[in-house]
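Now for the letters of each chain:
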Amino acid sequence: MQKDSFSTLPTGRFAPSPTGRMHLGNVFGALLSWLSAKSKGGQWLLRIEDIDPQRSRREYAQLLMDDLQWLGLSWDGEPVYQSERGDIYEQYFQQLKAQGLTYPCYCTRADLLATQAPHESDGRVVYPGTCRPKTIGTIGTIDTIGTIKTIAPPAAQRLIVPDREIAFTDGHYGTQSINLASHVGDFIIRRKDGAWAYQMAVVIDDALMGVNEVVRGRDLLLSSPQQIYVGELLGFHAPAFIHFPLLVNEAGQRLSKRDRSLDMGELRQRHTPQEIIGMLAFHAGLLKEPQPVSPDELIKKFAWQQVPCEDITIRNLSI
Ligand code: GLU
Ligand code: ZN
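For clarity, every value in this text was computed on a predicted model and none was experimentally measured.

**Describing the overall build of the chain**
Piece 1. A tally of helices and strands in the chain yields 12 helices and 12 strands.
Piece 2. Out of the 319 residues belonging to the chain, those deemed buried represent 50%.
Piece 3. Across the chain, every contact between residues at least 6 apart in sequence was considered, and the portion connecting residues at least 24 apart equals 78%.

Take a look at the structure:
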């Protein structure tokens, strides 16, 4: 299905959200996507995902770039900022709207939680379709509903999803298949406050930047079919997806920004860049033991087959 993605050199990317200082988990993602692209002679692009104006800060973007350079993970070309691309997202949103596939949703978070128990164990709620127009697929119906918006409170925009399996082959976890209607429901592509949703922006940006290899944590496995679907509607070629295991603490919880001892501000005071890269390379199965190494030295050692599929426990919060 995605054979074409491999016939050209990979163009990978790192797409962090500048909502805090980078931490060890983010560095792991940066390193793996960098190695995956570089080991095949490809390019590695940087996209600053600052679409959420409330949570993103320019200072964090600056620190992030400084941290990447300090680690020896350099990117190709100029960084792309999502906050500057609103007009582009609007244009593609209009295409979806013209296909009769979007509708305004007035539900509050409380409404959604009240109507349904969160899905499985991860707290997600499958949207029950409360605001979905009764007749879908005709522009007239959507427009009629759209005009109500002027007298109604601000609405989010949702994308109608099909009741069919969307399958893809993950480069690390193998075949994945999911029915968006039963597992996700119609999802938000523009928030109530006007901010563009990640699921919309990421697809447009990956396509327009020429990204053909998306490497990211396995927590985003479920996002891939949503993104494949958006891409199909907009006529884009799907990138190859490669997900990697998460770094977790001893309680099995994903390392997060809350673990202050693992943010780059702290790590840079206690370690050299080579020590941090060496420790991560060891956990990625690329070294037999943690030892200082530069990203460049790992290029020839890198192979996805060596990277585990199970989550990786970081025992000692100080490395
Ligand atoms: N900004 C997203 C994140 O930080 C990017 C996810 C992706 O790589 O698609 O999780
Ligand atoms: Zn709704």
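Now that the structure is up, let's keep going.
**A short note on the site of ligand 1**
Piece 1. Near ligand 1 you find Arg13, Ala15, Ser17, Glu49, Tyr198, Val202, Arg216 and Leu220, and these make up its full shell.
Piece 2. Contact between ligand 1 and Glu49: a nitrogen atom at 2.6 Å from a side-chain N or O atom of the residue.
Piece 3. Within the side chain of Arg216, an N or O atom sits 2.9 Å from an oxygen atom of ligand 1.
Piece 4. Considering ligand 1 on its own, with 300 Å² of exposed area, one finds that the protein chains cover 76% of that surface.
Piece 5. Here the shell around ligand 1 is built from residues that sort into four nonpolar, one polar and three charged.

**Topic: the coordination of the zinc ion (ligand 2)**
Piece 1. Taken together, the protein donors to the zinc ion (ligand 2) comprise Cys105 (SG), Cys107 (SG), Tyr127 (OH) and Cys131 (SG), at separations of 2.1 to 2.3 Å.
Piece 2. Between the donor residues of the zinc ion (ligand 2), the gaps in sequence give the motif C-x1-C-x19-Y-x3-C. You can see Cys105 sitting in strand β4 (residues 102-105) and its partner Tyr127 sitting in the loop between α5 (109-115) and α6 (139-148), a full 22 residues away along the chain.
Piece 3. On the accessibility criterion, Cys105 (1% relative accessible area) is buried.
Piece 4. Accessibility expressed as a relative area gives 6% for Tyr127, which makes it buried.

**Considering helix α9 (residues 223-234)**
Piece 1. Look at α9: 17 Å from first C-alpha to last across 12 residues, which is about the 16 Å you get at 1.5 Å a residue.
Piece 2. In terms of residue burial, α9 counts as a mostly covered element, since 10 of its 12 residues are buried.
Piece 3. For α9, the full list of buried residues reads Ser223, Ser224, Pro225, Gln226, Gln227, Ile228, Tyr229, Val230, Gly231 and Leu234.
Piece 4. Gly235 occupies a position one or two residues after α9 and carries a positive phi of about 80 degrees.

**What about the pattern of salt bridges?**
Piece 1. On inspection of all chains with the given rule, the structure shows 20 salt bridges.
Piece 2. The partner of Arg13 in a salt bridge is Asp206, with the nearest N and O atoms 3.0 Å apart. Pair noted here: Arg13 is in strand β1 (residues 11-14) and Asp206 is in helix α8 (residues 198-208), with a separation of 193 residues, a long-range link. One exposure class covers both Arg13 and Asp206, and it is buried.
Piece 3. A salt bridge links Glu84 to Arg58, with the nearest nitrogen and oxygen atoms 3.4 Å apart.

**Quick word on the sheet that holds β1**
Whenever strands of a sheet pair, they do so through backbone hydrogen bonds, lying parallel or antiparallel.
Piece 1. Strand order in the open sheet formed by three strands is β1-β2-β3, and the pairing between neighbours is parallel. The strands lining the two open edges of the sheet, one partner per strand, are β1 and β3 (80-81).
Piece 2. Alignment of strand β2 (residues 43-48) against β3, held across two bridges, turns out to be parallel. When the sheet's bridge partners are listed, Ile48 is paired in β3 with Tyr81.

**Some points on the side chain of Gln199**
Piece 1. Mapped onto the elements, Gln199 comes out in helix α8.
Piece 2. Reaching out from Gln199, the side chain makes a polar contact with the side chain of Gln227 at a distance of 2.8 Å.

What counts, and at which threshold
The residue numbering used here restarts from 1 in each chain and proceeds along that chain's sequence as written. As they are written, the chains are lettered A onward and the ligands numbered 1 onward, keeping that order. Whole-chain, interface and lining totals are the exception, using all residues; otherwise, since this is a predicted model, local features are given only for residues with pLDDT of at least 70 and side-chain atom pairs are given and counted only at 80 or more. Note that the side-chain values use all heavy atoms of the structure and ignore hydrogens as well as water. Runs of E in the DSSP output that reach at least two residues are strands. Runs of H or I that reach at least four are helices, and both are numbered from the N terminus. Each residue's exposure class comes from its accessible area (1.4 Å probe, protein chains only) as a fraction of the maximum for that residue type: buried when under 20%, exposed when over 50%, partly exposed otherwise. Every residue pair with non-hydrogen atoms within 4.5 Å of one another is taken to be in contact. Any residue with a heavy atom lying within 4 Å of a molecule or strand is counted as near it. Pairing of N or O atoms within 3.5 Å defines a polar contact, subject to two protein rules: one partner must be a possible hydrogen donor and the other a possible acceptor, and residues neighboring in sequence count only if both atoms are side-chain atoms. Here the open area of atoms and residues is found with the Shrake-Rupley method and a 1.4 Å probe, where only the protein chains shown may cover a residue. Under this grouping Gly is polar, as are all residues other than the nonpolar Ala, Val, Leu, Ile, Met, Phe, Trp, Tyr, Cys and Pro and the charged Asp, Glu, Lys and Arg. Counted as donors are the N, O and S atoms within 2.8 Å of the metal, or 3.2 Å for Na, K and Ca, while water is not among the atoms, so some sites may look incomplete. By this rule, a helix spans an expected 1.5 Å times one less than how many residues it contains. For this document, the term salt bridge refers to a Lys or Arg side-chain nitrogen within 4 Å of an Asp or Glu carboxyl oxygen. Any two strands between which DSSP finds at least two bridges are classified as paired.

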